[in-house]
Amino acid sequence: MDHRIGDLLRAAADLAVPLVESTEDVSLGAPTPCAEYDVRALLNHLFSVVVNFQALAAKQEADFSTTPDRVAEPGWRGEFAAETRRLVEAWAAPGAEEGTAGAMGLPARTVGSMVLLDLTVHGWDLARATGREFVPDPVVVAGLADEVERMAPMARKMNVFAEAVDLPAGASALERLLATTGRDPRAWPAG
């Protein structure tokens, strides 16, 4: 059964927001499984994604040309929570999943899956970088599996995903999802 993107985003946000809110300043310089980001850069990227994908849900253009240092602003944790609530509301709005969205003219559901993937995978990145456990809702992981497999070749060409990582038999659905994006869950065990 296909779940609505708004519902899946709500489930992802329910886990990602507390993780972001409880990230301590001392961790901001720590490396993450997402090689191009330390914790601060990862959080700023997530802010940018959360804000820009609100516009995409409304079939408006998004601006990914800059990534402001939102983490330098007072009250950034509460602001992340507020922006994430707005993201969930935007994708729960009637028509958000219909038609196309963004400059690439992708199906709106695919675009919604992209932000769902960011909240889920970057939530895992943040947790691992800060020595914490992160177990996304299995419904979210299942809702992403097929979409991520479909978008993986394009994402690799655009250098958004690294090459897939081989996992042993018996890997969990989350581990397989992470491996498809080029992350090795065995290299970043929970604290």
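Residues numbered from 1 in each chain as written. Predicted model: local features only at pLDDT ≥ 70, side-chain atom pairs only at ≥ 80, totals over all residues. Heavy atoms only, no water.

## Section: the nonpolar core
Grouped burial of nonpolar side chains is what soluble globular proteins tend to show. Within the largest apolar cluster, 57 residues are counted, with the highest numbers of intra-cluster contacts made by L9, W91 and L119. When residues of this core are assigned to their parent elements, the largest contribution, eleven residues, is made by helix α4 (residues 108–129). Among all residues touching W91, those that are not within four sequence positions of it are I5, G6, L9, F53, L56, A57, A96, A108, V111, G112 and V115. (Core = buried A, V, L, I, M, F, W, Y, C linked by side-chain atoms within 4.5 Å. Buried < 20%, exposed > 50% of the residue type's maximum accessible area, 1.4 Å probe, protein only. Helix = DSSP H or I, 4+ residues; strand = E, 2+ residues; numbered from the N terminus. Contact = heavy atoms within 4.5 Å.)

## Notes on the pattern of salt bridges
Tallying each qualifying case throughout the model produces 13 salt bridges. Between R70 and E83 there is a salt bridge, with its nearest N and O atoms 3.9 Å apart. Highlighted residues: R70 in the loop between α2 (39–57) and α3 (76–92) and E83 in helix α3, separated in sequence by 13 residues. In terms of burial, R70 and E83 fall into one category: buried. Close ionic contact of E147 with R150 constitutes a salt bridge, the shortest N to O distance being 3.0 Å. With E147 and R150 both in helix α5 (residues 138–157) and three residues apart, the pair spans about one turn of that helix. By relative accessible area, which is 9% here, E147 ends up buried. With a relative accessible area of 57%, R150 lands in the exposed category. Salt bridges sharing partners connect three or more residues here, namely R70, E73, E79, E83 and R86. (Salt bridge = Lys/Arg side-chain N within 4 Å of Asp/Glu carboxyl O.)

## What to know about the packing of aromatic side chains
Enumeration over the complete set of coordinates arrives at two aromatic pairs. Both rings, one in F47 and one in F80, keep their centres 5.3 Å apart while their planes meet at 85°; by these two values the pair is edge-to-face. Taken together, the positions of F47 in helix α2 and F80 in helix α3 put the pair 33 residues apart, joining distant regions of the chain. Assessed through its relative accessible area of 1%, F47 is described here as buried. Owing to a relative accessible area of 1%, F80 belongs among the buried residues under this scheme. With 5.8 Å between their ring centres and 65° between their planes, F53 and F64 make a pair best called edge-to-face. Residue F53 is found in helix α2, and its partner F64 is found in the loop between α2 and α3; the two are separated by eleven residues along the sequence. Given the relative accessible area of 43%, F64 is considered partly exposed. (Phe/Tyr/Trp six-rings, centres within 6.5 Å; stacked < 30°, edge-to-face > 60°.)

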